[in-house]
Amino acid sequence: MNLGRSIRINKCGVVILGLLFMCILYYLWNSNASNSASYAFSKNPNEINMRKLLIGSIQAAQHGGFEVVAVSKSRDLHEQSKGKTKEGANNPVTDADYRSNCVMKNGLLRIFPKLKVISEEDDGKEQCVDVQLFDLDPTVLPESIIVPDERVNIDDVDVWIDPLDATQEYTERLHEYVTTMVCVAVKGVPTIGIIHNPFTMKTTWAWRDRALSESLANLKHDGDVKHPMIIVSRSHAGAVKEQSKQIFGENAQVITAGGAGFKVLQVIQNNATAYLHTTHIKKWDICAGDAILGAIGGRMTDLHNDNIVYHRDTPALNPNGLLATALSSTHEAYIKRIVESKRFAR
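Definitions and cut-offs
- Residues numbered from 1 in each chain as written.
- Predicted model: local features only at pLDDT ≥ 70, side-chain atom pairs only at ≥ 80, totals over all residues.
- Heavy atoms only, no water.
- Pairing = 2+ DSSP bridges.
- Helix = DSSP H or I, 4+ residues; strand = E, 2+ residues; numbered from the N terminus.
- Axes fitted to C-alpha atoms, helices over the stretch in contact; angles between N-to-C directions.
- Contact = heavy atoms within 4.5 Å.
- Buried < 20%, exposed > 50% of the residue type's maximum accessible area, 1.4 Å probe, protein only.
- Lys, Arg positive; Asp, Glu negative; His and termini not counted.
- Salt bridge = Lys/Arg side-chain N within 4 Å of Asp/Glu carboxyl O.
- Polar contact = N/O pair within 3.5 Å; in protein donor to acceptor, adjacent residues only side chain to side chain.
- pLDDT = per-residue confidence, 0-100.
- UniProt positions renumbered as here; feature names shortened; annotations may be inferred.
- Parallel < 35°, antiparallel > 145°, perpendicular 65-115°, else oblique.
- Left-handed = near helix turned anticlockwise from the far one by under 90°.
- Expected span 1.5 Å × (residues − 1).
- Disulfide = S-S within 2.5 Å.

**Student:** Help me out: how do you make sense of the sheet that holds strand β17 (residues 322–325) in this one?
**Tutor:** Sheets are built from strands paired through backbone hydrogen bonds, the pairs being either parallel or antiparallel. On the basis of which strands lie adjacent, the open sheet formed by five strands has the order β12-β11-β13-β17-β15 and mixed pairing. The sheet is open, and its two edges are formed by β12 (253–257) and β15 (299–301), each paired on a single side. Recorded for the sheet is a direction-independent mean angle of 20 degrees between the axes of neighbouring strands. Sitting on the sheet, helix α8 (residues 283–295) is in contact with β15 and β17, with an inclination near 140 degrees to β15.

Shown next, in the form of structure tokens:
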């Protein structure tokens, strides 16, 4: 054997081994990279992980809230009018609506590119230039709350967002009424709801039949329907006050407030026995509240006692008002009075 003979290196083999090594590195990097989209979806691209969508939806509401608070500190909200509501009230929009929409909608779509997101504000895209989007952060869910990993067909999922609920009150600096909201509907059924108050930093959320935020865990609701406390919109309080007295009796207490999200929270927190709205209302205003009430044993329907359907192929407008309660039994008793009054006949 000639030990001094030089070893021949096959250049082609070296190239192949090098390419193989690069492929292995690329695979490992992609497997471990904290890429939000790969984190959000399962191996089946037509499925979406609902736990991760819950996390993203909570973050969307909270980060939209950051924009709402930031704009509130400026001297000029750049308020514009979208016209008049059916009740004749001004329907304003501000920079905060647009910037919150940019963060909430674009943030969700960056993580879940195939997601169908329906928002109140899709104009004002020029406001999106310098907004800060977010990556999924599982720590928004406390360790004490067990949330299952569950996957559904993404084509069955519609997300309704309200980037700033109670804009009129926001322009009046009545910040207690202001919320940002996200609702996940599956096959038209409100399934996950998030209502976030940007100025108190309190987030209330629920995933129907799966999990509740800590603020909802130990709530108790009184089934007494003899002393109605009806919360209504301050934009058309006069008409609803009269209607409430006629339907529920002279002992009915009528509370006025701004923002659909705020009013649902008052029902949840036992500060009202029902939320009544007698005219049309947009679905992004009510979907999150509908999901949360359904998760705690309550109910929201239109005034004909029909469930409201939140599917992309249905109109964004619910024309038949609503009744929302924290107990199904209360809803049944109240809707019976409404139907018997024949004030809102088909």
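Still more to cover.
**Student:** When you look at the sheet that holds strand β4 (residues 116–119) in this model, what are you seeing that I'm missing?
**Tutor:** Taken together, the six strands give an open sheet; going across it, the order is β4-β6-β7-β8-β9-β10, and neighbouring strands pair in mixed fashion. Strands with a single pairing partner mark the edges of an open sheet, and in this sheet they are β4 and β10 (211–212). As defined by bridge partners, strand β6 (residues 157–165) adjoins strand β7 (residues 179–186) across seven bridges and the pair is classed as antiparallel. Within the sheet, the bridge partner assigned to Trp 160 lies in β7 and is Cys 183. Relative to the sheet, α8 contacts β4, β6, β7, β8 (189–197), β9 (202–207) and β10, its axis offset from that of β8 by approximately 105 degrees.

**Student:** Looking at this structure, how should I read the environment of Ala 252?
**Tutor:** Structurally, Ala 252 is set in the loop between α6 (237–248) and β12. Placed 22 residues apart in sequence, Ala 252 and Ile 230 show a C-alpha to C-alpha distance of 7.2 Å. Other than its neighbours up to four places away in sequence, Ala 252 contacts Pro 228, Ser 244 and Lys 245.

**Student:** Explanation requested: the side chain of Lys 283 in the structure shown.
**Tutor:** Residue placement: Lys 283 occurs in helix α8. One buried charged residue, Lys 283, remains without a salt bridge, the closest side chain of opposite sign being Asp 302 at 9.4 Å. A distance of 2.6 Å separates the side chain of Lys 283 from the backbone oxygen of Val 309, its partner in a polar contact. A polar contact of 2.9 Å, which involves the side chain of Lys 283, links it to the side chain of Thr 314. In this view, Lys 283 contacts Trp 160, Ile 308, Val 309, Tyr 310, Thr 314, Pro 315, Ala 316 and Leu 317; residues no more than four positions away in its chain are not counted.

**Student:** What am I meant to see in the confidence of the model for the protein here?
**Tutor:** Residues with a pLDDT of 70 or more make up 82% of the protein, whose mean pLDDT is 87. Throughout residues 1–7 the model reports pLDDT below 50, and contacts reaching past four residues in sequence, or to other chains, amount to zero contacts. In this model residues 28–39 is a low-confidence stretch, pLDDT under 50, and it forms eleven contacts with partners more than four residues away in sequence or in other chains.

**Student:** Help me out: how do you make sense of the UniProt feature "binding site: Mg(2+)" (unreviewed entry) in the protein in this one?
**Tutor:** Those residues carrying the UniProt feature "binding site: Mg(2+)" (unreviewed entry) are Glu 120, Asp 162, Leu 164, Asp 165 and Asp 285 in this numbering. Of the residues just listed, which span 166 residues, no C-alpha pair is farther apart than 9.6 Å, and they cluster in one region. Within the secondary structure, Leu 164 is located in strand β6. With near-sequence residues (within four places) excluded, Leu 164 lies in contact with Val 68, Thr 94, Ala 96, Asp 97, Glu 120, Tyr 170, Val 178 and Thr 179.

**Student:** Help me understand the packing of helix α3 (residues 50–72) against helix α4 (residues 95–111), please; the structure alone is not making it clear to me.
**Tutor:** Each pair of packed helices can be described by the angle between their axes along with the distance between the axes. Between α3 and α4, whose axes approach to 8 Å, the crossing angle comes to 155 degrees. Relative to α4, α3 is oriented roughly antiparallel. Like other packed secondary-structure pairs, α3 and α4 cross with a definite hand, here right-handed. Between α3 and α4, the residues in contact are Gly 56, Ser 57, Ala 60, Ala 61, His 63, Gly 64, Glu 67, Val 68 and Val 71 and Asp 95, Ala 96, Arg 99, Ser 100, Val 103, Met 104 and Leu 108, respectively.

**Student:** Would you mind going over α8 with me for this structure?
**Tutor:** Residue pairs three or four apart in sequence face the same way in an α-helix, which turns once every 3.6 residues. Counted at 1.5 Å a residue, the expected span for α8 with its 13 residues is 18 Å, and the 18 Å between its end C-alpha atoms agrees. Extensive coverage of α8 is indicated by the burial of eleven of its 13 residues. Regarding α8, the residues found buried are Lys 283, Trp 284, Asp 285, Ile 286, Cys 287, Ala 288, Gly 289, Asp 290, Ala 291, Ile 292 and Leu 293. Looking one or two residues past α8, Gly 297 carries a phi angle of roughly 95 degrees, positive in sign.

**Student:** Where do I start with the state of the cysteines in this structure?
**Tutor:** Each disulfide consists of a covalent bond between the sulfur atoms of two cysteine residues. Under the defined criterion, the tally for this structure stands at one disulfide. In this model, Cys 183 is linked to Cys 287 through a disulfide, with the two sulfur atoms separated by 2.0 Å. Handedness of the Cys 183-Cys 287 disulfide follows from its S-S torsion of about -45 degrees: it is left-handed. Note that Cys 183 is positioned in strand β7 and Cys 287 in helix α8, a separation of 104 residues in sequence.

**Student:** How should I be thinking about the pattern of salt bridges in this particular structure?
**Tutor:** Here the idea is simple: oppositely charged side chains can pair when their charged atoms come close. On inspection of all chains with the given rule, the structure shows seven salt bridges. Two residues, Arg 312 and Asp 158, come together in a salt bridge whose shortest N-O distance is 2.5 Å. In this pair, Arg 312 is assigned in the loop between β15 and β16 (317–318) and Asp 158 in strand β6, connecting sequence segments 154 residues apart. With its nearest N and O atoms 3.3 Å apart, the salt bridge here joins Glu 172 to Arg 234. A residue pair is termed long-range when its members are at least 10 positions apart, and Glu 172 in the loop between α5 (167–171) and β7 and Arg 234 in the loop between β11 (229–233) and α6 qualify at 62 residues.

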